[in-house]
Amino acid sequence: CEADLSSTFRTVETKFQEDAAAKRGYDMITVNSEGDTERQISDIESLIAQGCNVIIVVPIDADAIQPALDLCREKKIPVIIKNRGCNATPGVDYVTYIASDFWRQGNLCAEWAEEKCKEKGIDNIKVAEIQGVIGGSDVRDRSGGFHEVADKYGNFEFVAQQSANWSRSAANILQSTGGDVDVFYCHNDEMALGVQVAIEMAGLKVNEDVYLIGVDGMIEAFDAIKSGEMSCTVTNTPNTADLNFDIMEKGINGEAIDTYVPVEDVLIDADNVDDNYDLAF
């Protein structure tokens, strides 16, 4: 049950999942909840009615998904949560959670910003933070991890914070800052690439006038980093399909399953982009 297939990340993620299912001989039904929490619950009810034996869910909202998980538990249908967490009870409401550490992603981005701004002699770092869809664990933790580091150093000032819903329509945030910003921290590469256009149109240069940070590891972001149009990104691979099915098969075979299976991420900037193109999607 996908949260929303409007982004490149989700489209690629679903393709990997469907290909892996076909290769392993599983019948897979994919539903797209289009960012609507009520629809996601209805979609999961429909999957149950169709006789699904295992349900893999990308929750839209960490709290709103609970009624659907309750229903799966009542029907004794195991649930795997992937790529975006929920506030339910692991090992009770769902079997396992497979995802990147979003809090660490925020940490990595903030540490990179602190280091680069310090090298440039910027004492008070003015940050514009562009968030994804509010309510998701990825938004909560990418923000929380970044702010944790900011609080540690004590020299970050957040001059703007707004949601662009994971899309490239984030360009207007440049106007809301009045141009007085040192770092754009975007919760995904789609939004960062939207800001990049606005930066260019304003006559500013990335890495000279402002730093531009994203998350995900899109090939466009890698290319932009290489050409100096983005500063850095943190990988957040959509290709966990084989891992998802490996975990599912362990459960089928009666093997113990950890309630959290982390996916490792790498910060990519101009220093290591050439050596890590295989991580892009």
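Read on for a plain summary of the structure. Please read all numbers here as calculations on a predicted model, not as lab measurements.

### Describing the packing of helix H2 (residues 37–49) against helix H3 (residues 66–74)
In step 1: Taken N-terminus to C-terminus, the directions of H2 and H3 make an angle of 15°; their axes are 9 Å apart at the nearest point. The angle between the axes of H2 and H3 places the two elements in the roughly parallel class. Here H2 runs over H3; the crossing is right-handed. Residue-level contacts link Ile-41, Ile-44, Glu-45 and Ile-48 of H2 to Pro-67, Ala-68, Leu-71 and Cys-72 of H3.
In step 2: Broken down by class, the residue content of the contact of H2 with H3 amounts to seven nonpolar, no polar and one charged.

### Here we look at the pattern of salt bridges
When the charged atoms of two side chains lie near each other, side chains of opposite charge can form a pair.
In step 1: Applying the stated criterion across every chain yields a total of 20 salt bridges.
In step 2: Here Lys-126 makes a salt bridge to Asp-180, at a shortest N to O gap of 2.7 Å. Residue Lys-126 is located in strand S4 (residues 125–131), and its partner Asp-180 is located in the loop between helix H6 (173–176) and strand S6 (183–186); the two are separated by 54 residues in the primary sequence.
In step 3: Shared partners join several salt bridges into a network, and the residues in it are Lys-23, Arg-24, Asp-242, Asp-246 and Glu-249.

### Here we look at the sheet that holds S6
In step 1: Taken in spatial order, the six strands make up an open sheet running S5-S4-S6-S7-S8-S10, and their pairing is mixed. For this open sheet the edge positions go to strand S5 (156–163) and strand S10 (267–269), each flanked by a neighbour on one side alone. Adjacent strand axes in the sheet meet at a mean angle of 20°, parallel and antiparallel pairs treated alike.
In step 2: Where strand S8 (residues 232–235) and S10 come together, three bridges link them in antiparallel fashion.

### Points about the nonpolar core
In step 1: Core analysis: the biggest nonpolar cluster contains 31 residues, and Ile-130, Phe-184, Cys-186, Val-195, Leu-212 and Met-230 have the highest contact counts within it.
In step 2: Where this core is concerned, the elements lending two or more residues are S4, H6, S6, helix H7 (189–201) and helix H8 (219–226).
In step 3: If we ignore the near neighbours within four places in the chain, the residues touching Cys-186 are Ile-130, Met-191, Ala-192, Val-195, Leu-212, Ile-213, Gly-214 and Val-215.
In step 4: With 22 residues, the next largest nonpolar core counts Cys-1, Leu-69, Ala-99 and Phe-102 among its residues.

### Structural notes on the packing of helix H1 (residues 8–24) against helix H9 (residues 241–252)
In step 1: Remark: H1 packs on H9, axes separated minimally by 8 Å, with the N-to-C direction vectors making an angle of 50°. By the angle between their directions, the pair H1 and H9 is classed as oblique. The two elements H1 and H9 meet at a crossing, and its hand is right-handed. Residues Phe-16, Gln-17, Ala-20, Ala-21, Lys-23 and Arg-24 of H1 lie in contact with H9, whose contacting residues are Ala-241, Asp-242, Asn-244, Phe-245, Asp-246 and Glu-249.

### Brief notes about the sheet that holds strand S2 (residues 79–82)
In step 1: On the basis of which strands lie adjacent, the open sheet formed by four strands has the order S1-S2-S3-S9 and parallel pairing. One side of each edge strand has no neighbouring strand; the edge strands of this open sheet are strand S1 (55–57) and strand S9 (260–263). In this sheet, neighbouring strand axes are inclined to one another by 15° on average, regardless of whether the strands run parallel or antiparallel.
In step 2: Examined bridge by bridge, S1 and S2 share three bridges and lie parallel to one another. Bridge pairing in S2 links Ile-55 to Val-79.

### Some details on the pairing of S8
Moving residue by residue along a regular strand, the side chains alternate between the two faces of the sheet.
In step 1: Of the two faces of S8, the one lined by Cys-232 and Val-234 and the one lined by Thr-233 and Thr-235 are each fully buried.
In step 2: With four bridges connecting them, strand S7 (residues 211–216) and S8 associate as parallel partners. Along S8, the bridge assignment pairs Asp-216 with Thr-235.
In step 3: Where the polypeptide runs from S7 across H8 and back to S8, its parallel neighbour, the crossover connection is right-handed.

### So, the packing of aromatic side chains
In step 1: All told, the structure shown has eight aromatic pairs when counted by the stated rule.
In step 2: With a centroid separation of 5.6 Å and an interplanar angle of 80°, the aromatic rings of Phe-9 and Phe-281 are classed as edge-to-face. Here Phe-9 is found in helix H1, whereas its partner Phe-281 is found in the segment after S10, with 272 residues between them in sequence.
In step 3: Residue Phe-9 is classed as buried on the basis of its relative accessible area of 6%.
In step 4: Geometrically, the ring pair formed by Phe-146 and Tyr-185 is stacked, given 4.1 Å between the ring centres and 15° between the ring planes. With Phe-146 in helix H5 (residues 137–153) and Tyr-185 in strand S6, this pair connects stretches of sequence that are 39 residues apart.
In step 5: Judged by its relative accessible area of 0%, Phe-146 falls in the buried class.
In step 6: Taken together, the ring pairs connect Phe-146, Phe-156, Phe-158 and Tyr-185 into an aromatic cluster.

Definitions and cut-offs
All residue numbers here refer to positions counted from 1 along the written sequence of the relevant chain. Only residues with pLDDT of at least 70 get local features here, since the model is predicted, and only at 80 or more are side-chain atom pairs given and counted; chain-wide, interface and lining totals rely on the full set of residues. Only hydrogens and water are set aside when side-chain values are computed; all heavy atoms of the structure are taken into account. Between N-to-C directions, angles cover 0 to 180 degrees, with each direction set by a line fitted to C-alpha atoms, over the stretch in contact for helices. Only runs of H or I of at least four residues qualify as helices and only runs of E of at least two qualify as strands under DSSP, and these elements are numbered from the N terminus. Comment on the angle field: the value is read as roughly parallel under 35 degrees, roughly antiparallel over 145, roughly perpendicular from 65 to 115, and oblique elsewhere. Less than a right angle of anticlockwise turn of the near helix away from the far helix marks a crossing as left-handed, whereas a clockwise turn marks it as right-handed. The contact rule is simple, with two residues in contact once any of their heavy atoms fall within 4.5 Å. Residues are grouped as follows: Ala, Val, Leu, Ile, Met, Phe, Trp, Tyr, Cys and Pro are nonpolar; Asp, Glu, Lys and Arg are charged; every other residue, Gly included, is polar. Whenever a carboxyl oxygen of Asp or Glu lies within 4 Å of a side-chain nitrogen of Lys or Arg, that contact is scored as a salt bridge. In short, DSSP must find at least two bridges between two strands for them to pair. Buried Ala, Val, Leu, Ile, Met, Phe, Trp, Tyr and Cys residues form a nonpolar core when they are joined through side-chain atoms within 4.5 Å. Whether a residue is buried, partly exposed or exposed follows from its accessible area with a 1.4 Å probe, protein chains only, as a fraction of its type maximum: under 20%, in between, or over 50%, in that order. A crossover counts as right-handed when, viewed with the strands pointing away from the observer, the path leading from the first strand over the helix to the second turns clockwise. Each Phe, Tyr or Trp ring (for Trp, its six-membered ring) is paired with any other whose centre lies within 6.5 Å, and the angle between the two planes then decides the class: stacked below 30 degrees, edge-to-face above 60, tilted in between.

Any functional reading would require information that these geometric values do not contain.
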